[in-house]
Amino acid sequence: MNLIVAVDKNWAIGKDNKIMWSIPADTRFFRDTTEGNVIIVGRKTLESFPQGQPLKNRTNIVVTRNPKYQVKNAVVVHSIAEAVEESRKYAKEVYVAGGGKIYQEMLSYCDTALVTKIDHAYEADTYFPNLDEDPKWELYEKSEEQTCFDLEYVFSKYRRK
């Protein structure tokens, strides 16, 4: 299983259930990587998508504790274990795509992390675990530094040791 995330220099991923930056190349990378595959997201992340709807051309698995929650064009599950079990039904790549709590709870199921690292510190309330400080993970690939307006960023790939 994989995960895909964009983080700032402090491994922040959001504030008030919103991403704090807009980098078209990162959005394109997310779309190109996840299209045709499976994404696992929490309910709040799903609701932050355009019109609060599942992303098109993907199997969307949504994790929520609310037993009555339903959303059209998505598979709703009520635990991490259920999300993992559901994801095994598909002969496709699986990407954990947020939010903070889902990333933390699913990290141990993942072998690969695709991390867009933005060289800027934002005011945030949600963070991703710092893989650079985690002895179980290693950086094995990194793009050239890229720039969007005044933001510098790199696409990084980590793997579980």
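Up top is the structure these notes are about.
In this report, we go over the structure that sits alongside the text. (Residues numbered from 1 in each chain as written. Predicted model: local features only at pLDDT ≥ 70, side-chain atom pairs only at ≥ 80, totals over all residues. Heavy atoms only, no water.)

## Focus: the packing of aromatic side chains
Here is step 1: Taken as a whole and assessed by the stated rule, the structure comprises 6 aromatic pairs.
Here is step 2: Taking the centre distance of 5.2 Å and the plane angle of 50° together, the rings of tryptophan 21 and tyrosine 122 count as tilted. Pair noted here: tryptophan 21 is in the loop between strand E2 (12–14) and helix H1 (24–34) and tyrosine 122 is in the loop between strand E7 (112–118) and strand E8 (126–127), with a separation of 101 residues, a long-range link. Considered together, tryptophan 21 and tyrosine 122 belong to a single accessibility category, that of buried residues.
Here is step 3: Through a chain of ring-to-ring contacts, the aromatic side chains of Trp11, Tyr103, Phe128 and Tyr158 assemble into a single cluster. (Phe/Tyr/Trp six-rings, centres within 6.5 Å; stacked < 30°, edge-to-face > 60°. Helix = DSSP H or I, 4+ residues; strand = E, 2+ residues; numbered from the N terminus. Buried < 20%, exposed > 50% of the residue type's maximum accessible area, 1.4 Å probe, protein only.)

## Thoughts on helix H3 (residues 80–87)
Here is step 1: All of the buried residues in H3 are Ile80, Ala83, Val84, Glu86 and Ser87. On an axial view of H3, the arc spanned by its buried residues comes to 165°, and they lie on one face.
Here is step 2: In this fold, the buried residues of H3 make contact with strand E3 (38–42), strand E4 (59–63), strand E5 (75–77), strand E6 (94–96) and helix H4 (100–106). (Arc of directions from axis to C-beta. Contact = heavy atoms within 4.5 Å.)

## Some words on the environment of leucine 131
Here is step 1: Secondary-structure assignment places leucine 131 in the loop between E8 and strand E9 (137–142).
Here is step 2: Look at leucine 131 and you get buried, because its relative accessible area is 1%.
Here is step 3: Expressed as a C-alpha distance, the spacing of leucine 131 and valine 7, which sit 124 residues apart in the sequence, is 11 Å.
Here is step 4: Among all residues touching leucine 131, those that are not within four sequence positions of it are Trp11, Leu107, Ala113, Val115, Trp137 and Tyr158.

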